[in-house]
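Residue-level structural notes
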Amino acid sequence: MDAGRREESALWLSFVTAARTRPELRSRAAEVQAGLDELIQRVLTEAERSGALAPGLDLAVETRRLSALLDGLTLQAVQHPDLVGPGELRAVLRRHLDTLAG
């Protein structure tokens, strides 16, 4: 994760944290999450259509699993940039995507 993405990620994390205690932000935070979920589901759906995913996967579950992984990696990258570098982030994501491959 480069400095710009780390900064964007820190801003996102601050926003979703603020949305937990500021009701006027909750609907926007929910919209952002729904949009990210929709994007992940579209990517997985297209990967399934192209035969790149293992047969029989529950795309709703895999959408949530990938979303949770991305959230966790983002949190770690923001909180511990000296411990969790871009190479490690890519390796974890690549390993996860490999588990989905058919």
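Structure shown above.
Per chain, the residues get numbers from 1 upward, laid out in the order the sequence is written. Side-chain atom pairs in this predicted model are given and counted only at pLDDT of 80 or more, local residue features only at pLDDT of at least 70, and totals for whole chains, interfaces and linings cover all residues. Water and hydrogen atoms play no part in the side-chain values, which are based on all heavy atoms of the structure.

1. Here's the deal with the overall build of the protein
The test is simple: Going along the chain from the N terminus, every DSSP run of H or I of four or more residues is numbered as a helix, and every run of E of two or more is numbered as a strand. In this scheme, a residue with accessible area under 20% of its type's maximum is buried, one over 50% is exposed, and one in between is partly exposed, where area comes from a 1.4 Å probe on protein chains only.
Across its full length, the protein carries 4 helices and 0 strands. For the protein, the succession of helices and strands along the chain, N to C, is α-α-α-α. Referenced to the eigenvectors of the C-alpha coordinate spread, the extents of the protein come out at roughly 40 × 35 × 20 Å. In the protein, which comprises 102 residues, the share counted as buried stands at 23%.

2. Focus on the pattern of salt bridges
Note the threshold: Between Lys or Arg on one side and Asp or Glu on the other, a salt bridge is scored when a side-chain nitrogen of the former is within 4 Å of a carboxyl oxygen of the latter.
The full count for this structure, using the stated rule, is 6 salt bridges. Arginine 49 is paired through a salt bridge with glutamate 46; the nearest N and O atoms lie 2.7 Å apart. One end of the pair, arginine 49, and the other, glutamate 46, are both in helix 2 (residues 23-49), 3 residues apart, so they sit about a helical turn from each other. Its relative accessible area of 63% is what places arginine 49 among the exposed residues. Among the residues examined, glutamate 46 registers a relative accessible area of 45% and is labelled partly exposed.

3. Points about the layout of surface pockets
Let me state the cut-off plainly: Only protein atoms enter the 1 Å grid used here. Points where a 1.4 Å probe fits but cannot escape make up a cavity, open sets with protein on both sides within 12 Å along at least five of seven lines make up a pocket, and a residue lines them when an atom lies within 4 Å of a point. Grid points are joined across faces, edges and corners, and a volume is the space filled by probe spheres set on the points. Residue classes follow a fixed rule: Ala, Val, Leu, Ile, Met, Phe, Trp, Tyr, Cys and Pro count as nonpolar, while Asp, Glu, Lys and Arg count as charged, and any other residue, Gly among them, counts as polar.
Taken as a whole, the second largest pocket holds about 170 Å³ of empty space. Lining the second largest pocket are Leu39, Ile40, Val43, Leu44, Ala47, Ala52, Leu53, Leu66, Leu70, Leu97, Leu100 and Ala101. Every element with two or more residues in the lining of the second largest pocket is listed here: helix 2, helix 3 (59-79) and helix 4 (86-100). A per-element tally of the lining of the second largest pocket places helix 2 first, with 5 residues. The residue makeup of the lining of the second largest pocket, split by class, is 12 nonpolar, no polar and no charged.

4. A look at the packing of helix 2 against helix 3
Going by this rule: For helices, the axis comes from a line fit to the C-alpha atoms of the stretch in contact; other axes are also lines fit to C-alpha atoms, and the angle between any two N-to-C directions lies between 0 and 180 degrees. The cut-offs work like this: below 35 degrees is roughly parallel, past 145 is roughly antiparallel, 65 to 115 is roughly perpendicular, and the gaps in between are oblique. By the definition used in this description, the sense in which the near helix is turned from the far one sets the handedness, with an anticlockwise turn below a right angle giving left-handed and a clockwise turn giving right-handed. Contacts are residue-level and defined by heavy atoms, with any inter-residue pair within 4.5 Å sufficient.
Where helix 2 contacts helix 3, the axes come no closer than 9 Å and their chain directions differ by 120°. Classed by the angle they form, the pair helix 2 and helix 3 counts as oblique. Of the two elements, helix 2 crosses helix 3, and the hand of that crossing is right-handed. Within the contact between the two elements, helix 2 uses Gln33, Asp37, Ile40, Gln41, Leu44, Thr45 and Glu48 and helix 3 uses Leu59, Glu62, Thr63, Arg64, Leu66, Ser67, Leu70 and Asp71. By residue class, the composition of the contact of helix 2 with helix 3 is 5 nonpolar, 5 polar and 5 charged.

5. Describing the nonpolar core
Quick reminder of the rule: Nonpolar cores are built from buried Ala, Val, Leu, Ile, Met, Phe, Trp, Tyr and Cys residues. Side-chain atoms within 4.5 Å join them into one set.
The biggest cluster of nonpolar side chains holds 7 residues, and these are Ile40, Leu44, Ala47, Leu53, Leu59, Leu66 and Leu100. When residues of this core are traced back to their parent elements, those giving at least two are helix 2 and helix 3. Look past the residues within four positions of leucine 44 in its chain and what remains in contact with it is Leu53, Leu59, Glu62, Thr63, Leu66 and Leu100.

6. What to know about the environment of alanine 10
Within the secondary structure layout, alanine 10 lies in helix 1 (residues 3-21). Residue alanine 10 is classed as partly exposed on the basis of its relative accessible area of 29%. A C-alpha to C-alpha distance of 8.5 Å links alanine 10 and glutamine 79, two positions 69 residues apart in sequence.

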